[in-house]
Amino acid sequence: MEIWINPACSKCRGAVRLLDAEGADYTVRRYLEDVPSPDEIRAVLDRLGLEPWDITRTQEADAKELGLKEWPREADARERWISALAAHPKLIQRPIITAGDGTAVIARTDETVRDAMRR
């Protein structure tokens, strides 16, 4: 299991605390420093069962600068969104946990963290 975190994020810190409290075996990826490639973003999206616009933090300054709210949310625009996430990793929703069964969750609640641990 791997968790993508931004250490400055309270949801990320809470998820890590819960993983530690439960004795989970996991690795931490500080995705702002170890930026995921477009292929890694595609793989996580497949595991999440989501599209890139579903995991984009559209209220971030970078998102506003890029005008992401106006970008089309359709298959033809998917690669443009993935490229934006790779170029601006702060736009990726967090924390993301990749579970042992090949799925992933956006672990913003204790329940989703526990769900990932059960997978």
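Here, every reference points to the structure presented above.
What counts, and at which threshold
- Residues numbered from 1 in each chain as written.
- Predicted model: local features only at pLDDT ≥ 70, side-chain atom pairs only at ≥ 80, totals over all residues.
- Heavy atoms only, no water.
- Axes fitted to C-alpha atoms, helices over the stretch in contact; angles between N-to-C directions.
- Helix = DSSP H or I, 4+ residues; strand = E, 2+ residues; numbered from the N terminus.
- Parallel < 35°, antiparallel > 145°, perpendicular 65-115°, else oblique.
- Left-handed = near helix turned anticlockwise from the far one by under 90°.
- Contact = heavy atoms within 4.5 Å.
- Nonpolar A, V, L, I, M, F, W, Y, C, P; charged D, E, K, R; others polar.
- Pairing = 2+ DSSP bridges.

**Student:** So what's going on with the packing of helix α2 (residues 38–48) against helix α4 (residues 78–87)? Residues and values would help.
**Tutor:** Where α2 contacts α4, the axes come no closer than 9 Å and their chain directions differ by 115 degrees. By the angle class used here, α2 and α4 are roughly perpendicular. The interaxial crossing formed by α2 with α4 has right-handed handedness. Here Pro38, Ile41, Arg42, Leu45 and Asp46 of α2 lie close against α4, whose contacting residues are Arg78, Glu79, Ile82, Leu85 and Ala86. Partitioned by chemical class, the residues of the contact of α2 with α4 number 6 nonpolar, no polar and 4 charged.

**Student:** Before we move on, can you summarise the pairing of strand β1 (residues 2–5) with the specific residues and values?
**Tutor:** Summarising the sheet, β1 and strand β2 (residues 27–30) pair through 4 bridges and their orientation is parallel. When the bridges of β2 are listed, Trp4 appears paired with Arg29. With 3 bridges connecting them, β1 and strand β3 (residues 96–98) associate as antiparallel partners. Looking at β3, one finds that Trp4 is bridged to Ile96.

Keep in mind these values describe shape, not function.
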